[in-house]
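Residue-level structure breakdown
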Amino acid sequence: EPEVTQTPSHQVTQMGQEVILRCVPISNHLYFYWYRQILGQKVEFLVSFYNNEISEKSEIFDDQFSVERPDGSNFTLKIRSTKLEDSAMYFCASSGQENTEAFFGQGTRLTVV
Amino acid sequence: QKEVEQDPGPLSVPEGAIVSLNCTYSNSAFQYFMWYRQYSRKGPELLMYTYSSGNKEDGRFTAQVDKSSKYISLFIRDSQPSDSATYLCAMGPVSGTYKYIFGTGTRLKVLA
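Keep in mind that this is a model prediction, so the values were computed, not measured. (Residues numbered from 1 in each chain as written. Chains lettered and ligands numbered in written order. Predicted model: local features only at pLDDT ≥ 70, side-chain atom pairs only at ≥ 80, totals over all residues. Heavy atoms only, no water.)

1. Considering the overall build of chain B
- From N to C terminus, chain B includes zero helices and eleven strands.
- Each helix (α) and strand (β) of chain B, taken in turn from the N terminus, gives the series β-β-β-β-β-β-β-β-β-β-β.
- Whereas a compact globule of 112 residues would reach a radius of gyration of roughly 13 Å, chain B reaches 14 Å, a difference of no more than 12%.
- A buried classification covers 46% of the 112 residues belonging to chain B.
- By sequence separation, contacts in chain B at least 24 residues apart represent 54% of the contacts at least 6 residues apart.
- A total of about 5,200 Å² of accessible surface is found on chain B, and carbon and sulfur atoms cover 47% of it.
- Charged side chains of chain B number 12 positive and 10 negative; the gap between the two group centres comes to 7 Å. (Helix = DSSP H or I, 4+ residues; strand = E, 2+ residues; numbered from the N terminus. Rg over C-alpha atoms; globule rule 2.2 N^0.38 Å. Buried < 20%, exposed > 50% of the residue type's maximum accessible area, 1.4 Å probe, protein only. Contact = heavy atoms within 4.5 Å. Areas by Shrake-Rupley, 256 points an atom, 1.4 Å probe, with all protein chains shown as cover. Lys, Arg positive; Asp, Glu negative; His and termini not counted. Charge placed at Lys NZ, Arg CZ, Asp CG, Glu CD.)

See below:
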């Protein structure tokens, strides 16, 4: 069964460092998302991406964040200068059509120390 | 009022019980409703997806949407210890966006 895959599963980084979280969405999907979940809190929307551009972003997604689809398969989230409060599980999701169910990856646990 | 409200639990039931999980929401424009199951330290796994009002059944799971009451439910029949997880409702999209809103999740424990 097709699935969204994310790498790495766990990333530890020092405050101020740049991190890139990687995702391979389901191959024929067109809509891509990043969500995050701080430990013990709800899943929060970060950004949606369609047709090679950001279609929507939340107030969390500030200038330190960027997304890219560098080739036909990968979808990345970059945090330019990590802060302690960026520590969270980051989930990538994709959907095949507009406003349909989204399938999530297993997440990358980011720990900023 | 929060956009999506969900009782965090924990909800403990004996094996074989029927479980009812619920969410309420405030935005009458929401059209798409999803239920996810999340095991500890794992990603959300899609269980059910419904559009607009009505019921949808898949095996032991039934999803109900009552748009007039802004209330959605997930029923689990013949619950198993392996159903122990956090159940998240999600809905949307927020008008003019692709954004879905998640509930806080209800932690379910099915006791053997």
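Back to the text.
2. Here's the deal with the packing of aromatic side chains
- Tallied over the full model, the rule gives 17 aromatic pairs over all chains.
- Centroid distance A:Tyr35 to B:Phe102: 5.4 Å. Interplanar angle 75 degrees. Geometry classified as edge-to-face. Of this pair, A:Tyr35 sits in strand β4 (residues 31–37) while B:Phe102 sits in strand β10 (residues 101–102), each in a different chain. Residue A:Tyr35 shares its accessibility class with B:Phe102, and that shared class is buried.
- Their ring planes at 35 degrees and their centres at 5.6 Å tell us that B:Tyr36 and B:Phe102 sit as a pair that is tilted. Of this pair, B:Tyr36 sits in strand β4 (residues 32–38) while B:Phe102 sits in strand β10, and the two are 66 residues apart along the sequence. Neither B:Tyr36 nor B:Phe102 differs from the other in exposure class; each is buried. (Phe/Tyr/Trp six-rings, centres within 6.5 Å; stacked < 30°, edge-to-face > 60°.)

3. Quick word on the state of the cysteines
- Evaluated as defined, the whole model comprises two disulfides over all chains.
- A sulfur-sulfur distance of 1.9 Å marks the disulfide that ties A:Cys23 to A:Cys92. Because the sign of the S-S torsion sets the handedness, a value of about -65 degrees for the bond joining A:Cys23 and A:Cys92 places this disulfide among the left-handed ones. Here A:Cys23 is found in strand β3 (residues 19–24), whereas its partner A:Cys92 is found in strand β9 (residues 88–95), with 69 residues between them in sequence.
- Disulfide pairing is shown between B:Cys23 and B:Cys89; the S-S distance is 2.0 Å. Around the S-S axis, the bridge from B:Cys23 to B:Cys89 shows a dihedral of about -100 degrees and counts as left-handed. (Disulfide = S-S within 2.5 Å.)

4. Considerations on the pattern of salt bridges
All names here are of chain B.
- Within the structure shown, the criterion is met by four salt bridges over all chains.
- Across the pair Arg-37 and Glu-45 runs a salt bridge whose closest N-O atoms are separated by 3.1 Å.
- Across the salt bridge formed by Arg-60 and Asp-83, the nearest N and O atoms sit 2.9 Å from each other. On the criterion of sequence distance, the pair formed by Arg-60 in the loop between β6 (54–58) and β7 (61–66) and Asp-83 in the loop between β8 (71–76) and β9 (85–92) is long-range, its members being 23 residues apart. (Salt bridge = Lys/Arg side-chain N within 4 Å of Asp/Glu carboxyl O.)

5. Quick word on the interface of chain B and chain A
- At the junction of the two partners, chain B supplies 20 residues and chain A supplies 23 residues.
- Of the roughly 2,000 Å² buried between chain B and chain A, counting both surfaces, carbon and sulfur atoms make up 59%.
- Across the chain B-chain A interface, the total number found is zero salt bridges.
- Counting across the interface, chain B meets chain A through five residue pairs in polar contact (both at pLDDT 80 or more).
- Among the elements of the structure, β4 and β5 (45–51) of chain B are those that each provide at least two residues to the side of chain B that touches chain A.
- Broken down by element, the residue count for the side of chain B that touches chain A peaks at four residues, all from β4(B).
- A class-by-class count of the residues in the side of chain B that touches chain A yields twelve nonpolar, five polar and three charged. (Buried area = accessible area lost by both parts, 1.4 Å probe. Polar contact = N/O pair within 3.5 Å; in protein donor to acceptor, adjacent residues only side chain to side chain. Nonpolar A, V, L, I, M, F, W, Y, C, P; charged D, E, K, R; others polar.)

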